[in-house]
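Structure assessment
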Amino acid sequence: MSENQVQQKDQTLGLKELTALATGTVISAGLLTVIGPAISLTGRSVWLAFAAAVLFGLLLNLPFIFLSSVIRLRGGNYSLVRLLLGDIPGGVLVVNLIFLQLPFATSGIAMGMYINSLWPFLNPKLIGVLTPTIFLLINLLGIKSMSKVQNIITVLLIAGLLLFIGTGTVHLNAGTFDFSSTDYFPKGWSGFSSAMILLVFSTTMHQTVMNYGANAKDARRDMPWAIIITTGIILVIYTGMALVAGNVLPVAQVAGKPLTLVANKIMPQPLFFIFILFGAVGAIATTMNSLYASAAKPMQLGCQDGWFPKSLGKLNRFDVPYRIYFILYGFAVVPILFDMPLNTLINDTLLIQYLIKIIMLVAILRMPTKYPELWKASRYHVPNPVFYTLTGISFLAQIFLIVTAAGNLTTVIVTVSVALLALGCAYAFYRYKFGKVNLREVSSQDIV
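What this report covers is the structure whose coordinates are included nearby. Treat the numbers as computed from the prediction; the structure is a model and nothing was measured. Within each chain, residues carry numbers counting from 1 in the order of the written sequence. Reporting of local features is limited, given that this is a predicted model, to residues whose pLDDT is at least 70; pairs of side-chain atoms are given and counted only at 80 or more, and all residues count toward the totals for whole chains, interfaces and linings. The basis for every side-chain value is the complete set of non-hydrogen atoms in the structure, without hydrogens or water.

**Here we look at the overall build of the protein**
Regarding its fold elements, the protein presents 22 helices and zero strands. Against the compact-globule benchmark of 22 Å for 448 residues, the protein has a radius of gyration of 22 Å, which places it among compact chains. Buried positions account for 56% of the 448 residues belonging to the protein. Two residues qualify as a contact provided that any one of their heavy atoms is within 4.5 Å of a heavy atom in the partner residue. Here the contacts in the protein between residues at least 6 apart in sequence split such that 83% fall between residues at least 24 apart. When the accessible surface of the protein is summed, it comes to about 18000 Å², and 68% of that surface belongs to carbon and sulfur atoms. Working convention for charge: Lys and Arg count positive, Asp and Glu count negative, and His plus the chain ends are omitted. We put the charge of a Lys on NZ, of an Arg on CZ, of an Asp on CG and of a Glu on CD. A gap of 3 Å separates the mean positions of the 29 positive and 15 negative side-chain charges of the protein. Helix numbering and strand numbering both begin at the N terminus, where a helix is a DSSP run of H or I of at least 4 residues and a strand a DSSP run of E of at least 2. To get the radius of gyration, use the C-alpha atoms; to get the globule rule, take the number of residues to the power 0.38 and multiply by 2.2 Å. Exposure categories follow from relative accessible area, calculated using a 1.4 Å probe and restricted to protein chains: below 20% of the type maximum is buried, above 50% is exposed, and the middle band is partly exposed. Surface accessibility follows the Shrake-Rupley procedure with a 1.4 Å probe radius. Residue values consider only the protein chains on display as shielding.

**Describing the pattern of salt bridges**
A side-chain nitrogen of Lys or Arg and a carboxyl oxygen of Asp or Glu constitute a salt bridge if their distance falls within 4 Å. All told, the structure shown has six salt bridges when counted by the stated rule. Ionic pairing is found between R44 and D183, a salt bridge with its closest N-O pair at 3.7 Å. Placement of R44 in the loop between α3 (31–42) and α4 (46–68) and of D183 in the loop between α9 (143–169) and α10 (188–200) is noted, with a sequence separation of 139 residues between them. Here D218 makes a salt bridge to R221, at a shortest N to O gap of 3.9 Å.

**Focus on the state of the cysteines**
To count as a disulfide, a pair of cysteine sulfur atoms needs to be within 2.5 Å. Taken as a whole and judged by the stated rule, the model has zero disulfides. In this model C303 remains outside any disulfide bridge; the closest cysteine sulfur is found in C425, 18 Å from its own. Looking at C303, the relative accessible area reads 1%, which means it is buried. The exposure class assigned to C425 is partly exposed, which follows from its relative accessible area of 24%.

**A word on helix α14 (residues 269–305)**
Helix span is expected to be 1.5 Å times the residue number reduced by one. Taking 1.5 Å of rise per residue, 37 residues should cover 54 Å, and α14 covers 54 Å from first to last C-alpha, within 8% of that figure. The angle between axes fitted to the seven residues ending at a residue and the seven residues starting there is what we call the bend at that residue. At G282, α14 is deflected by roughly 40°, the largest bend along its length. Counting buried positions over the 37 residues of α14 gives 28, a clear majority of the element.

**Focus: the packing of helix α8 (residues 124–140) against α9**
Inter-axis angles, ranging from 0 to 180 degrees, are taken between N-to-C directions of lines fitted to C-alpha atoms, where helices are fitted over the stretch in contact. For the pair α8 and α9, the least separation of the axes is 7 Å and the interaxial angle reads 130°. By the criterion of interaxial angle, the relationship of α8 to α9 is oblique. Where α8 abuts α9, its residues F135, I138 and N139 lie against S145, M146, V149 and I153. We call Asp, Glu, Lys and Arg charged. Ala, Val, Leu, Ile, Met, Phe, Trp, Tyr, Cys and Pro are nonpolar, and the rest, Gly among them, are polar. Class assignment for the residues of the contact of α8 with α9 results in five nonpolar, two polar and no charged. For classification, angles of less than 35 degrees are called roughly parallel, those exceeding 145 degrees roughly antiparallel, those between 65 and 115 degrees roughly perpendicular, and all remaining angles oblique.

**Some words on a positive patch on the surface**
Together, K16, K144, K148 and K217 make up a positively charged patch on the protein surface. Position of K16 relative to the elements: it lies in helix α2 (residues 15–26). On the accessibility criterion, K16 (59% relative accessible area) is exposed. Each patch groups residues whose relative accessible area exceeds 30% and which form no salt bridge, using 9 Å between like charges and 5 Å between nonpolar side chains of Val, Leu, Ile, Met, Phe, Trp and Tyr.

**Quick word on the side chain of T154**
Tracing the backbone through its elements, the reader meets T154 in helix α9. Two N or O atoms form a polar contact when they lie within 3.5 Å of each other; inside protein one atom must be a possible hydrogen donor and the other a possible acceptor, and for residues adjacent in sequence the pair counts only when both atoms belong to side chains. Within polar-contact distance, the side chain of T154 engages the backbone oxygen of Q150 at 2.7 Å. The residues contacting T154, other than those within four sequence positions of it, are A20, T23, G24 and T286.

**What to know about the packing of aromatic side chains**
We call Phe, Tyr and Trp rings a pair once their centres come within 6.5 Å, taking the six-membered ring for Trp, and we label the pair stacked below 30 degrees between planes, edge-to-face above 60, and tilted otherwise. Taken as a whole and judged by the stated rule, the model has 18 aromatic pairs. Relative to Y292, the ring of F104 lies with its centre 5.4 Å away and its plane at 75°, an arrangement referred to as edge-to-face. With F104 in the loop between α6 (87–97) and α7 (105–118) and Y292 in helix α14, this pair connects stretches of sequence that are 188 residues apart. You can call F104 buried: its relative accessible area is 4%. When its relative accessible area of 0% is taken as the criterion, Y292 is described as buried. Plain terms: the ring middles of F179 and Y184 are 5.0 Å apart, the flat faces sit at 80° to each other, and that makes the pair edge-to-face. Note on Y184: relative accessible area 4%, which makes it buried. Site record: aromatic cluster; members linked through ring pairs are W47, F177, F179, Y184, F185, W189 and F192.

**Considerations on α2**
Helix length check: α2 (12 residues) gives 16 Å between terminal C-alpha atoms against 16 Å at 1.5 Å per residue, within 8%. Extensive coverage of α2 is indicated by the burial of 10 of its 12 residues. Here α2 has its buried residues at E17, L18, T19, A20, L21, A22, T23, G24, T25 and V26. Looking at the packing, one finds that the buried side of α2 touches α9, α11 (219–247) and α14.

**Quick word on a nonpolar patch on the surface**
There is a patch of nonpolar side chains on the surface, built from V334, L337, F338 and M340 and spanning about 380 Å² of accessible area. Its place among the elements puts M340 in the loop between α15 (322–337) and α16 (342–347). Relative accessible area serves as the criterion here: at 35%, M340 is assigned to the partly exposed category.

**What about the nonpolar core?**
Counting residues in hydrophobic clusters, the biggest one holds 141 residues, and the most contacted among them are I27, I35, L80, F164, M241 and F275. With 16 residues, the single largest contributor to this core is α14. Of all hydrophobic cores here, the second largest spans seven residues; its members include L350, Y354, I402 and L409. Joining through side-chain atoms within 4.5 Å is the link that ties buried Ala, Val, Leu, Ile, Met, Phe, Trp, Tyr and Cys residues into a set, and such a set is a nonpolar core.

Written out as structure tokens, the structure is:
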């Protein structure tokens, strides 16, 4: 079977599946812990801060909506940069993407903690290892099987979060919408904007659904819609959850505390159990289930082009790059087995995350001149000055977020991040200089 035949055979994801993947990716278990710190910054107005954060996230994702309506990104972020900036920038990016998978184990550890809270007799470390194992086995059966599981878990996830919102709504205190209350905007605009910035990191990850471009039935139609629909879903859910979290108990009791404190107060024990199982556990499950294929897509195409050994991209009978999956599985379980400091792994990759986002936005700015006819035919086409203005605003907003977040980076984190970047760049240049890279010609499958 030729490469194109494999590609067409595996184009099984429609709008429903892509939306489930996008929603499951952006809603993570961290949602339960981030609202409390936001309440400490802006009090009852945390729900307004979350609504603003979702809209800010839409602004950050707007360039990706434009782009995904123009070209099919077979290799996700790698294809984006290679097609729009060139071969070497694409290679540098795909090699450095591997470092972003180092904190994969955080999902397993979080799963172990939540499962242990429901069933204390279960060992959290064992659960932390079993979780990525289960989702590895599901993903090895192919994209279609993985997406079916994702559809089910995403429905349960949304049901669990709506259960919290519905139960909490009847417990809202009398001053919930009294904007003159001292509990609203207690630290003024400074506190509100700080809360919004804290929350916005939970509102953008659904643009990674573009990594499934190779598997989409109609990528240019469905990818933008998946991002837009998911934005609407999280606007309702995030705002509703923050409204309940900040307006049931006194602000002093919930500021800085996890969402489970409020849930335990307003829910009977059976409903609290369901909320944790569907909401918290479901958020981890959807994220982990989607991460294998999403992370592997750029690396798989990188193997085909020679940035990594081609043998790593070998497919099993379900047309998935099983060797890459096992590498990701190693990232998920080794830190747990050896009790490695995961916060260190996360922090040491922050600069790489920031750099990759900037490179992608720079690449998107070239889209109207690189593919003018496809851009004009896009459902989301706007005049070029409007496109450059909107993308430029998104670019500046991303720079603002990066500068704000980078203010907390220590010298050690910066040093390790720069060292990892240098290592990735050196490896990419080595592969290119010594003839290891054999780049495919761009075909119609890459751009339509």
